[in-house]
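Secondary and tertiary structure notes
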Amino acid sequence: MRKVMLTGDRPTGKLHVGHYVGSLRRRVELQNTGDFDDIFIMIADAQALTDNADNPEKVRQNIIEVALDYLACGLDPEKSTLFIQSQVPELCELSFYYMNLVTVSRLQRNPTVKAEIQMRNFEASIPVGFFTYPISQAADITAFKATTVPVGEDQMPMLEQTKEIVHKFNSVYGETLVDPKILLPDNEACMRLPGIDGKAKMSKSLNNCIYLSEEPEEIKKKVFSMFTDPTHIRIEDPGRLEGNTVFTYLDAFCRPEYFPEFLPEYKDLDELKAHYKRGGLGDMKVKRFLNNVLQAELEPIRNRRKEFQKNIPAIYDILKKGSEKAEAVAAETLRDVKAAMKINYFDDLELIKGQAEKFSE
Ligand code: ATP
Ligand code: MG
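The present account deals with the structure reproduced in this document. Because the structure is a prediction, the values reported are computed rather than measured.

1. Notes on the nonpolar core
Across soluble globular proteins, nonpolar side chains show a tendency to be buried alongside one another. The biggest cluster of nonpolar side chains holds 61 residues, and the ones touching the most others in it are Tyr 70, Leu 212, Tyr 249, Leu 250, Phe 253, Leu 272 and Phe 289. Sort the elements by how many residues they give to this core and helix H3 (residues 56-73) lands first, with nine residues. Those residues in contact with Tyr 70 that lie beyond four places of it in its chain are Gly 8, Asp 9, Leu 15, Leu 24, Arg 27, Ile 41, Met 42, Ile 43, Leu 75 and Leu 82. In this structure, Leu 101, Ala 146, Ala 330 and Met 341 belong to the second largest nonpolar core, which totals 35 residues.

Here is the structure:
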């Protein structure tokens with residue numbers, strides 16, 4: 001079977017380190033294995049409009065920001081198709097037919113959507129488009145016959161919904177759609193990276209992010225303001241690792257080679273953690289180390305971004321070509337879907353002949 005990867009991001013802001021460890025870093029690694037027959041990376045502008053209908057300019061402005069972040073992280077348009085969701089109208093048509101296969105109560109049970117509705121104070125007036133975005137996500141995934149979807153933990157309910165639609169569609173209309181697999185980060189800290197305030201999830205909407213394009217001074221300021229263990233007051237106090245954002249970030253970003261480079265008195269992260277738990281290790285020292293780690297991780301990304309920023313029209317061109325390729329692939333799937341659903345009247349010569357015979361009797 002062909003191996004196809006699909007994933008994407010909403011253009012509601014620049015991408016942050018949560019996106020990076022949750023999905024982006026993995027995509028680039030997978031891209032570079034050469035194992036995939038096709039890779040589609042989608043800028044989900046239509047989805048972003050479901051909760052930003054009154055602010056299209058925000059979505060429009062952030063398309064290029066997300067594309068720059070992609071290229072800066074190493075997504076390569078020669079190997080991965082980068083495209084814009086709204087430029088592939090077939091996705092809307094697929095969503096429309098999938099809507100018949102999902103109940104309102106099933107959508108109401110989606111825990112991620114529930115949490116997002118609460119966060120946006122939508123309780124009394126949920127836009128229908130927002131409410132149904134898990135269905136549109138199923139269209140995005142199935143349109144490209146994706147087998148692998150690398151995403152953060154918050155996307156699990158979307159993948160479950162997609163799989164249900166695939167199974168339902170295939171059982172009602174015959175084997176047509178491909179069943180996708182979710183690929184979660186293998187490191188617990190990366191599943192749902194907390195914000196610098198220690199809140200559940202780093203999120204553009206919560207203003208608790210470190211952006212991939214952040215300047216060194218800003219990164220340092222954010223690291224030094226980070227939430228740690230509020231009961232760890234004096235250096236000699238024993239410290240807690242659970243819920244300690246600085247250690248969560250070290251779990252997500254630290255590589256073995258950073259110890260000899262920045263903190264040679266410790267062998268590895270386990271030794272550093274043990275010392276913190278025992279007491280005698282101050283927050284400032286750990287924060288200085290984390291700052292060095294993040295600076296080392298983000299500097300090459302920031303520098304590559306600055307290079308790409310020099311030729312913005314070329315990036316729109318990449319997105320245009322990518323969108324054209326994506327549309328061609330989605331159109332093929334839509335043809336299969338319509339044939340399976342028996343709404344391909346004009347292509348079905350048997351139908352026309354059969355009807356002609358029926359009326360000539
Ligand atoms: P918004 O607030 O507009 O929903 P977001 O920050 O949640 O934006 P999305 O575009 O919804 O970002 O998510 C893009 C991808 O990044 C998804 O695969 C999602 O799982 C992943 N992701 C987002 N935030 C995090 C995080 N804090 N930790 C791990 N993965 C994340
Ligand atoms: Mg989100």
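2. Points about the pattern of salt bridges
Summed over all chains, the structure comprises 27 salt bridges. Its salt-bridge partner being Arg 60, residue Glu 57 comes within 4.0 Å of it at the nearest N-O pair. Highlighted residues: Glu 57 and Arg 60, both in helix H3, separated by three residues, approximately one helical turn. For Glu 57, a relative accessible area of 40% gives the class partly exposed. Arg 60 sits in the exposed class, given a relative accessible area of 58%. With its nearest N and O atoms 2.8 Å apart, the salt bridge here joins Arg 106 to Glu 164. Here Arg 106 is found in helix H5 (residues 104-108), whereas its partner Glu 164 is found in helix H9 (residues 156-173), with 58 residues between them in sequence. Arg 106 sits in the buried class, given a relative accessible area of 13%. Relative accessible area serves as the criterion here: at 38%, Glu 164 is assigned to the partly exposed category. One salt-bridge network, held together by shared partners, links Arg 2, Asp 38 and Lys 325.

3. So, the site of ligand 1
Taken together, 23 residues are adjacent to ligand 1, and Thr 12, Asp 154, Leu 193, Lys 201 and Ser 205 come closest. Separating an oxygen atom of ligand 1 from a backbone N or O atom of Arg 10 is a distance of 2.9 Å. Here an oxygen atom of ligand 1 sits 2.9 Å away from a polar atom, N or O, in the main chain of Gly 152. With the chains in place, 96% of the 610 Å² that ligand 1 exposes on its own is no longer accessible. Looking at the shell around ligand 1, the element that brings in the most residues is helix H1 (residues 17-33), giving four residues. Looking at the shell around ligand 1 residue by residue, the class counts come to five nonpolar, eleven polar and seven charged.

Conventions and cut-offs
Here the residue numbering is sequential within each chain, running from 1 through the sequence in written order. Whichever chain is written first becomes A and whichever ligand is written first becomes 1, with later ones labelled in order. Predicted model: local features are reported for residues with pLDDT of at least 70 only, side-chain atom pairs are reported and counted for 80 or more only, and whole-chain, interface and lining totals are derived from all residues. With hydrogens and water set aside, each side-chain value is computed from the structure's full complement of heavy atoms. Only buried residues count toward a nonpolar core, which is a set of Ala, Val, Leu, Ile, Met, Phe, Trp, Tyr and Cys residues joined through side-chain atoms within 4.5 Å. Exposure classes here rest on a 1.4 Å probe applied to the protein chains alone. A residue is buried below 20% of its type maximum, exposed above 50%, and partly exposed in between. By definition, any uninterrupted DSSP run of H or I lasting at least four residues is a helix, any uninterrupted run of E lasting at least two residues is a strand, and each is numbered from the N terminus. By the convention used here, residues are in contact when the closest approach between their heavy atoms is within 4.5 Å. By convention in these notes, a salt bridge is any Lys or Arg side-chain nitrogen within 4 Å of a carboxyl oxygen on Asp or Glu. To be near a molecule or strand, a residue needs just one of its heavy atoms within 4 Å of it. In protein, a polar contact means a hydrogen-donor-capable atom and an acceptor-capable atom, both N or O and within 3.5 Å, with residues adjacent in sequence counting only if both atoms are side-chain atoms; elsewhere, any N or O pair within 3.5 Å suffices. All accessible areas in this document rest on Shrake-Rupley with a 1.4 Å probe, and a residue is counted as covered only by the protein chains that are shown. All residues other than Ala, Val, Leu, Ile, Met, Phe, Trp, Tyr, Cys, Pro, Asp, Glu, Lys and Arg, Gly among them, are scored as polar; the first ten of these are nonpolar and the last four charged.

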